[in-house]
Amino acid sequence: MTTLVINHGAAKAPAAQASGKPGPAAPLVTPQVSVDGIVISSKAIAAEVQNFPSRNPGEGWLAAARALVIRELLLQEARRLNIVAEPKADVDGREETVDDALVRGLIEREVRVPVADEATSHRFYENNRRRFTSAALYEADHILIGARRDDDASYAAARERATSIAAVLATEPDQFAELARAWSACPSATLGGSLGQIAPGDTTEEFEAALVSLAPGEISGPVETRYGVHVIRLNRRIEGNTLPFEAVRERIEAYLDDHVRRQATAQYIALLVGRADIRGISLEGANSPLVQ
């Protein structure tokens, strides 16, 4: 079977060698790709490459070619079986192409997907309880000494000020609200630095990492973020709650159905690949973004 050939430019132009400068980019040499005698044009593959961001041209070409080969396989099988499917529109009003409808109709007719029963869903729930636990919440205060990271002098001054404040709070923690009102550049200064309840993702990564590391009542040292330097106090941590099975049952069933459907579709495509005459590219089963 023919495979992809990439010219890495081992032979350089004499002028480039003499000057020590790199020569022009080596061209990508690609074979002709066909499925049971139907050629997939280089133009079609080149147009498809834009849908597959990659580290290099060869990798992008392979991904695009695989997707088009599998699509051609499915279309040929749909026509062989005289599949009839009317194009459907999605929730945004975008309508399928005729080929998309044929592929969907083929998969719906030929791919058998077992439905997950309650026992399977419950077993998944028990084995993945962390997925169904709400995130912890944090009640915290902070003092922000504002500064821009690209202003070295200003940021150094902010770091020094935050260090001094943290030192005062180490011996006089009850001064937190007063120092927040006097020094904090955050609107929360008027509330004594109170941020209320904070959920994961509400703050910067650096702030969140410091917050998670604190015990209730503990005050951090200086914490640097893109906004400046913070001093943080954790007041309370509210642990997340595990949702009951009935509350997530439909979500689990939908997930398992999608997972099984992908596996079954991949197996079906692997069967089509195994009996087809595919040239110009090596295709291992259904390892293609189209299945994903």
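Owing to the predicted nature of the structure, the values given are computational and were not obtained by experimental measurement.

Conventions we followed
- Residues numbered from 1 in each chain as written.
- Predicted model: local features only at pLDDT ≥ 70, side-chain atom pairs only at ≥ 80, totals over all residues.
- Heavy atoms only, no water.
- Helix = DSSP H or I, 4+ residues; strand = E, 2+ residues; numbered from the N terminus.
- Expected span 1.5 Å × (residues − 1).
- Contact = heavy atoms within 4.5 Å.
- Buried < 20%, exposed > 50% of the residue type's maximum accessible area, 1.4 Å probe, protein only.
- Arc of directions from axis to C-beta.
- Pairing = 2+ DSSP bridges.
- Axes fitted to C-alpha atoms, helices over the stretch in contact; angles between N-to-C directions.
- Phe/Tyr/Trp six-rings, centres within 6.5 Å; stacked < 30°, edge-to-face > 60°.
- Lys NZ or Arg CZ within 6 Å of the ring centre and 35° of its normal.
- pLDDT = per-residue confidence, 0-100.
- Parallel < 35°, antiparallel > 145°, perpendicular 65-115°, else oblique.
- Left-handed = near helix turned anticlockwise from the far one by under 90°.
- Salt bridge = Lys/Arg side-chain N within 4 Å of Asp/Glu carboxyl O.

For the rest of this paragraph, the subject is helix α6 (residues 152-171). Count 3.6 residues to each turn of an α-helix, and residues three or four apart come out pointing the same way. Helix length check: α6 (20 residues) gives 30 Å between terminal C-alpha atoms against 28 Å at 1.5 Å per residue, within 8%. Elements in contact with the buried residues of α6: β3 (137-146), α7 (176-183), β5 (223-225) and β6 (228-238).

Bringing α7 into the picture now. For α7, the complete set of buried residues consists of F176, L179 and A180. Down the axis of α7, the buried side of the element spans an arc of 105°, and every buried residue falls inside it. In this structure, α7 carries R181 and A182 as exposed residues pointing more than 90 degrees from its buried face. Next to the buried residues of α7 lie β3, α6 and β6.

Right, let's talk about the sheet that holds strand β4 (residues 194-198) for a bit. The antiparallel open sheet is built from 4 strands, whose spatial order is β4-β3-β6-β5. Of all strands in the sheet, those bounded by a partner on one side alone are β4 and β5. On average, each strand axis in the sheet is inclined to that of its neighbour by 40°, with strand direction left out of account. For β5 and β6, the ladder comprises 3 bridges, and the chain directions are antiparallel. Directly across from T225, in β6, lies its bridge partner G228.

As for its placement among the helices and strands, A64 is situated in helix α3 (residues 57-80). It is 5.8 Å that separates the C-alpha atoms of A64 and I45, two residues lying 19 residues apart in sequence. Those residues in contact with A64 that sit more than four places away from it in its chain are I45, E48, V49 and F52.

Of all 10 residues in β3, 7 are buried, a share of seventy percent or more. Bridge count between β3 and β6: 10 bridges; the pairing is antiparallel. Within the sheet, the bridge partner assigned to Y138 lies in β6 and is R237. Across 3 bridges, β3 lies against β4 in antiparallel orientation. Within β4, the position partnered with D141 by the bridge is S194.

Here the structure, examined in full by the defined rule, presents 4 aromatic pairs. When the centroid spacing of 5.6 Å and the interplanar angle of 25° are considered together, the rings of Y125 and F132 count as stacked. Look at Y125 and you get buried, because its relative accessible area is 5%. On the basis of an interplanar angle of 70° and a centroid distance of 5.5 Å, the ring pair of Y125 and F245 is categorised as edge-to-face. With Y125 in helix α5 (residues 118-127) and F245 in helix α9 (residues 245-275), this residue pair connects regions lying 120 residues apart in the sequence. Take Y125 and F245: they sit in the same class, and that class is buried. Positioned above the aromatic ring of Y255 is the side chain of R131, whose terminal nitrogen or guanidinium carbon lies 5.3 Å from the ring centre. Over the aromatic face of W183 sits the side chain of R161, whose NZ or CZ is 3.9 Å from the ring centroid.

So, on to the confidence of the model for the protein. This prediction gives the protein a mean pLDDT of 87; 87% of its residues lie at or above 70. Confidence drops under a pLDDT of 50 for residues 1-19, and excluding neighbours within four residues, the segment shows 30 contacts in the predicted structure. Taken as a whole, residues 285-292 scores under 50 in pLDDT and shows 20 contacts with residues more than four places along the chain or in a different chain.

Next up on the list: the packing of α6 against α7. Packing of α6 against α7 leaves a shortest axis separation of 10 Å and a crossing angle of 160°. When the axis of α6 is compared with that of α7, the two are roughly antiparallel. Like other packed secondary-structure pairs, α6 and α7 cross with a definite hand, here right-handed. Residues R161, I165, V168 and L169 of α6 form the contact with α7, whose own contacting residues are F176, L179 and W183.

Right, let's get into the pattern of salt bridges. For the structure on display, the rule yields 23 salt bridges. Two residues, E108 and R104, come together in a salt bridge whose shortest N-O distance is 3.4 Å. One end of the pair, E108, and the other, R104, are both in helix α4 (residues 98-110), 4 residues apart, so they sit about a helical turn from each other. For R104, a relative accessible area of 19% gives the class buried. Among the ionic pairs, D141 bridges to R233, the shortest N-O distance being 2.7 Å. Here R233 lies in strand β6 and D141 lies in strand β3, a separation of 92 residues in the sequence. Overall, the relative accessible area of 6% leaves D141 in the buried class.

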